[in-house]
Amino acid sequence: MSLLQYKSQAVAKPYFIAAIGLFVGQILFGLIMGLQYVIGDFMFPAIPFNIARMVHTNLLIVWLLFGFMGAAYYLVPEESETELHSPLLAHVLFWIFLIAGALTVVGYLSVSYERLTEIGGNNLLATMGREFLEQPTYTKIGLVIVVLGFIYNIGLTVLKGRKTAITIILLTGLVGLAVFFLFAFYNPSNLVKDKYFWWWVVHLWVEGVWELIMGAILGFVLIKITGVDREVIEKWLYVIITLALVTGLVGTGHHYYWIGAPGYWQWWGGFFSALEPLPFFAMVVFCFNMVNRRRRDHPNKAATLWALGTAVMAFLGAGVWGFLHTLAPVNYYTHGTQITAAHGHMAFYGAYVMVVLTIISYAMPLLRGREVNPERAQVLEMWSFWLMTVSMVFITLFLTAAGILQSWLQRIIPTPQSFMAVQDQLHIFYWLRELAGLVFLIGLGVYLYSFFAKDKPRTVEVGETVETVKTVETQPATF
Amino acid sequence: MSQFFTKSMARNIFYGGTLFSVLLFLALTFHTTWTLPKRDHRENLTEQVARGKHLWETRNCIGCHTLLGEGAYFAPELGNVYTRRGGDFIKVWIKAQPTKVPGRRQMPQFNFTDAQLDDLVAFLKWTSEINTENWPPNIEG
């Protein structure tokens with residue numbers, strides 16, 4: 001017997017599986033790069049650093065998109081109280097996306113990048129060779145087709161069914177994602193204009209519309225696991241996404257300090273981006289509030305942990321670590337150092353990796369036909385949560401230490417040293433980062449294993465623990 | 001939050017706040033676009049510079065280097081490399097890669113022609129002349 005309220009929700013499952021698979025690939029290439037930081041010629045020339053980095057970052061983007069799509073396919077039918085417009089289209093787009101993604105990675109690894117630009121359509125329209133937008137032009141066009149088909153499918157489902165704040169916010173975020181990606185096709189030979197609008201893809205995705213998608217997914221999961229009134233959760237969501245866009249849109253200016261744009265961006269960008277921690281702080285307050293006010297003890301403890309962890313880590317990574325170097329007088333010295341890398345790692349993990357793992361944690365048991373995962377599987381999943389999260393905290397701390405020292409030696413002291421002379425003095429931090437990365441890999445292994453952990457066949461029934469309304473006083477949070 | 005603050009109020013604030021922010025951001029963008037020619041010296045942006053940027057992209061230089069602080073943090077900043085090293089050094093350096101020194105970070109050999117090397121240097125020279133508000137703090141990048 002299926003536990004899904006709408007059987008078309010099942011299309012989410014392959015999306016989640018693909019997301020996890022690509023996640024593993026991302027981490028393996030991250031470890032290769034981490035080693036190249038200390039053993040410079042490791043795997044050279046088979047896999048030069050730039051190739052490993054493309055695979056690492058592009059796999060991240062693609063698996064997060066798989067996760068967002070799976071999340072949308074799962075939650076939209078349930079929210080809209082209707083079947084998905086076309087499960088067939090969702091399946092077809094899945095395979096197109098997976099094959100296009102796989103071919104792109106094979107391309108990165110098997111031919112030189114120069115050759116890839118020739119066969120990838122770059123002579124038709126030069127879009128390649130820019131950070132995070134290294135994909136062949138053909139892949140970019142394919143991505144547009146997949147995303148448009150996906151939005152069409154989700155959009156029609158939302159339109160024909162019940163409209164909730166969650167689906168409206170999700171759809172707004174997805175349309176924004178598609179619109180801003182179009183700037184990936186704009187590549188003028190003027191580097192300043194190129195950089196200015198490149199950020200309309202990169203910043204307006206991760207510090208703009210993706211936050212809407214993240215908020216919608218978190219809101220949905222919280223309604224399900226806490227049973228708190230939808231009105232309350234949706235009101236919070238609007239406050240959070242207002243803060244996200246009001247601070248994040250003009251906050252783009254913190255990328256315009258030193259790339260040739262006018263100096264006033266140091267004030268506009270500094271002021272608005274200094275407020276960017278607010279939406280993330282609101283998310284922390286929101287998540288803990290909802291869990292404390294919960295009307296039921298949902299037996300999926302792991303999903304609750306992921307949801308709370310997402311809010312906290314997103315606040316730390318995107319909020320606090322972003323604020324650390326967002327003001328122009330600080331950024332003048334830290335711009336493009338390991339500080340940026342530290343922030344990037346914890347922000348992406350805390351906000352987007354963890355929100356996708358949250359929805360997977362909530363939805364995957366139901367997609368696999370069980371009320372909830374067995375106790376042992378949940379315990380293992382929570383172990384993986386702590387292993388991955390704590391090691392990511394350490395990766396961030398080590399990179400931050402490296403970044404501070406780098407800024408100091410290369411940019412602040414009266415006798416500044418050259419880039420490579422400074423790098424040689426940072427080895428200890430890079431080694432420690434690699435070690436933390438290995439612990440992350442172990443955590444990921446435990447995570448994968450948790451899907452297959454069975455032992456005791458006992459499962460917890462949802463009905464067992466549903467009781468009357470509990471207040472914070474009588475029922476403190478247990479997670 | 002209290003009952004005085006309803007969901008529809010929150011929604012209206014979202015629409016209003018977002019509209020305001022979009023308009024403010026677009027206004028600043030229009031003004032920036034208006035003032036850019038004075039800052040990027042596009043009168044010097046020749047065909048050769050454009051070809052150089054194309055080479056920069058098709059060899060994925062950004063995968064290891066930063067350019068005006070953006071890119072990967074594995075290899076030196078190149079936004080001011082023309083000022084730091086000069087055009088001749090850049091060409092000799094690129095031709096000498098990889099150094100094959102054991103354990104050192106390696107840069108691939110791209111087999112550029114002399115004309116291509118000139119294009120690349122022209123691009124790096126043009127880039128070094130952008131008004132970047134005095135960034136980087138010193139010549140080391």
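Residues numbered from 1 in each chain as written. Chains lettered and ligands numbered in written order. Predicted model: local features only at pLDDT ≥ 70, side-chain atom pairs only at ≥ 80, totals over all residues. Heavy atoms only, no water.

Participant: Account for the overall build of chain B, naming residues and giving values.
Facilitator: Along the backbone of chain B there are five helices and three strands. Along its sequence from the N terminus, chain B presents helices and strands in the succession α-α-β-β-β-α-α-α. On C-alpha atoms alone, chain B measures out to a radius of gyration of 22 Å, which is more than a quarter above the 14 Å that the 2.2 N^0.38 rule sets for 141 residues. Over its C-alpha atoms, taken along the principal directions, chain B stretches across nearly 70 × 40 × 30 Å. Looking at chain B as a whole, 51% of its 141 residues are labelled buried. As presented, chain B carries roughly 7,000 Å² of accessible surface, and 62% of it is formed by carbon and sulfur atoms. Looking at chain B, you have 16 positive and 13 negative side-chain charges, and the mean spots of the two groups are 8 Å apart. (Helix = DSSP H or I, 4+ residues; strand = E, 2+ residues; numbered from the N terminus. Rg over C-alpha atoms; globule rule 2.2 N^0.38 Å. Buried < 20%, exposed > 50% of the residue type's maximum accessible area, 1.4 Å probe, protein only. Areas by Shrake-Rupley, 256 points an atom, 1.4 Å probe, with all protein chains shown as cover. Lys, Arg positive; Asp, Glu negative; His and termini not counted. Charge placed at Lys NZ, Arg CZ, Asp CG, Glu CD.)

Participant: Account for the overall build of chain A, naming residues and giving values.
Facilitator: If you tally the helices and strands in chain A, you get 17 helices and zero strands. Its C-alpha atoms give chain A a radius of gyration of 22 Å, near enough to 23 Å, the size a compact globule of 479 residues would have. Taken over the C-alpha atoms alone, chain A extends approximately 70 × 50 × 45 Å along its principal axes. Taken over 479 residues, chain A has a buried fraction of 64%. In chain A, the proportion of contacts linking residues at least 24 apart, taken out of those at least 6 apart, comes to 81%. Taking the 28 positively charged and 27 negatively charged side chains of chain A as two groups, their mean positions are separated by 3 Å. (Contact = heavy atoms within 4.5 Å.)

Participant: Account for helix α4 (residues 87-96) of chain B, with residues named and values stated.
Facilitator: Residues and elements named next belong to chain B. Every buried residue of α4 is listed here: Gly87, Ile90 and Ile94. Down the axis of α4, the sector holding all buried residues measures 60 degrees, keeping them to one side. Exposed residues on α4 whose side chains face more than 90 degrees from its buried face are Asp88, Val92 and Lys95. Against α3 (81-85) and α5 (114-128) lie the buried residues of α4. (Arc of directions from axis to C-beta.)

Participant: Run through a nonpolar patch on the surface, naming residues and quoting values.
Facilitator: Residues Leu124, Leu125, Tyr138, Ile141 and Ile145 of chain A make up a contiguous nonpolar surface patch of about 510 Å² in total accessible area. Tracing the backbone shows Tyr138 of chain A in helix α5 (residues 137-160). (Patch = residues over 30% accessible without salt bridge, like charges linked within 9 Å, V, L, I, M, F, W, Y side chains within 5 Å. Salt bridge = Lys/Arg side-chain N within 4 Å of Asp/Glu carboxyl O.)

Participant: So what about the domain arrangement of chain B? Which residues, and what values?
Facilitator: Taken as a whole, chain B is organised into domain 1 (1-39) and domain 2 (43-141). Taken over C-alpha atoms, the centre of domain 1 of chain B sits 38 Å from the centre of domain 2 of chain B. (Domains from an automatic or database assignment.)

Participant: Requested: an account of the sheet that holds strand β3 (residues 75-77) of chain B, with residues and values cited.
Facilitator: Residue and element names in this part refer to chain B. With mixed pairing, three strands are arranged side by side in an open sheet as β2-β1-β3. Of all strands in the sheet, those with a lone pairing partner are β2 (70-71) and β3, marking the two edges. Pairing analysis gives two bridges linking strand β1 (residues 65-67) to β3, with the strands arranged parallel. In the sheet register, His65 faces β3, and the bridge partner there is Ala75. (Pairing = 2+ DSSP bridges.)

Participant: Explain the nonpolar core to me, and be specific about the residues and the numbers.
Facilitator: Among the nonpolar cores identified, the biggest contains 199 residues, and Trp63, Tyr73, Ile154, Trp205 and Trp210 of chain A are the most heavily contacted of them. Looking at this core element by element, the count peaks at 25 residues for helix α7 (residues 191-226) of chain A. Residues from two domains meet in this core; each of domain 1 (1-39) and domain 2 (43-141) of chain B gives at least three. With residues near it in sequence (within four places) discarded, Ile154 of chain A still touches Ala72, Tyr73, Val76, Leu84, Leu171 and Leu174 of chain A. (Core = buried A, V, L, I, M, F, W, Y, C linked by side-chain atoms within 4.5 Å.)

Participant: Can you explain the interface of chain A and chain B? Please cite residues and give values.
Facilitator: At the junction of the two partners, chain A supplies 85 residues and chain B supplies 71 residues. Taking both sides of the interface into account, the surface hidden between chain A and chain B amounts to around 6,600 Å²; carbon and sulfur atoms contribute 63%. It is Leu191, Lys235 and Tyr238 of chain A that lose the most area in chain A upon contact with chain B, and together they represent 10% of the buried surface on that side. Counting across the chain A and chain B interface gives six salt bridges. Put simply, chain A and chain B have 34 residue pairs in polar contact (both at pLDDT 80 or more) between them. (Buried area = accessible area lost by both parts, 1.4 Å probe. Polar contact = N/O pair within 3.5 Å; in protein donor to acceptor, adjacent residues only side chain to side chain.)

Participant: Quick one: what's the story with unusual backbone geometry, residue by residue and with numbers?
Facilitator: Here Gln97 of chain B and Pro98 of chain B are connected by a cis peptide whose omega angle stands at -5 degrees. Within the secondary structure, Pro98 of chain B is located in the loop between α4 and α5. Geometrically, the link from Trp135 of chain B to Pro136 of chain B is a cis peptide bond, its omega value of -5 degrees lying close to zero. You can see Pro136 of chain B is positioned in the segment after α5. The phi dihedral of Met43 of chain A falls on the positive side, at around 65 degrees, and the residue is not glycine. Tracing the backbone through its elements, the reader meets Met43 of chain A in the loop between α1 (12-36) and α2 (49-80).

Participant: Help me get a handle on the packing of aromatic side chains, residues and values and all.
Facilitator: Under the criterion given, the structure shown has 56 aromatic pairs over all chains. Arg53 of chain A extends its terminal NZ or CZ atom over the ring of Tyr73 of chain B, reaching a point 5.9 Å from the ring centre. In this structure, Arg105 of chain B packs its charged tip against the face of Phe74 of chain B, placed 4.6 Å from the ring centre. (Phe/Tyr/Trp six-rings, centres within 6.5 Å; stacked < 30°, edge-to-face > 60°. Lys NZ or Arg CZ within 6 Å of the ring centre and 35° of its normal.)

Participant: Tell me what's going on with empty space enclosed by the protein, and back it up with residues and numbers.
Facilitator: Following the criterion strictly, the structure yields six cavities of 30 Å³ or more and no others. When its volume is computed, the second largest cavity comes out at roughly 150 Å³. Around the second largest cavity sit 13 residues that line it, and Arg130, Glu131, Asp194 and Lys195 of chain A together with Ile62 of chain B are the ones nearest its centre. Counting residues per element, the ones that place at least two in the lining of the second largest cavity are α7 of chain A together with α2 (47-58) and β2 of chain B. No other element matches the four residues that α7 of chain A contributes to the lining of the second largest cavity. Of the residues contributing to the lining of the second largest cavity, the split by class is five nonpolar, two polar and six charged. (1 Å grid on protein atoms, 1.4 Å probe; cavity = no way out; pocket = protein on both sides within 12 Å on 5 of 7 lines; lining within 4 Å. Points joined across faces, edges and corners; volume = space filled by probe spheres on them. Nonpolar A, V, L, I, M, F, W, Y, C, P; charged D, E, K, R; others polar.)

Participant: Please give an account of the layout of surface pockets that cites residues and values.
Facilitator: Volume-wise, the second largest pocket comes out at about 290 Å³. Phe180, Val209 and Leu249 of chain A together with Thr18 and Val22 of chain B are, among the 17 residues lining the second largest pocket, the residues nearest its centre. Secondary-structure elements contributing two or more residues to the lining of the second largest pocket are α6 (165-181), α7 and α8 (230-251) of chain A together with α1 (7-40) of chain B. Considered class by class, the residues forming the lining of the second largest pocket number 13 nonpolar, four polar and no charged.

Participant: Talk me through the pattern of salt bridges; I want residue IDs and the actual numbers.
Facilitator: Following the criterion strictly, the structure yields 21 salt bridges over all chains and no others. Between Arg42 of chain B and Asp40 of chain B there is a salt bridge, and its shortest N-O distance comes to 2.8 Å. Ionic pairing is found between Arg51 of chain B and Asp119 of chain B, a salt bridge with its closest N-O pair at 3.1 Å. Linking Arg51 of chain B in helix α2 with Asp119 of chain B in helix α5, this pair joins segments that are 68 residues apart in sequence. By relative accessible area, which is 42% here, Arg51 of chain B ends up partly exposed. Salt bridges linked by common partners bring Glu79, Arg230, Glu231 and Glu234 of chain A together with Lys7 of chain B together as one network.

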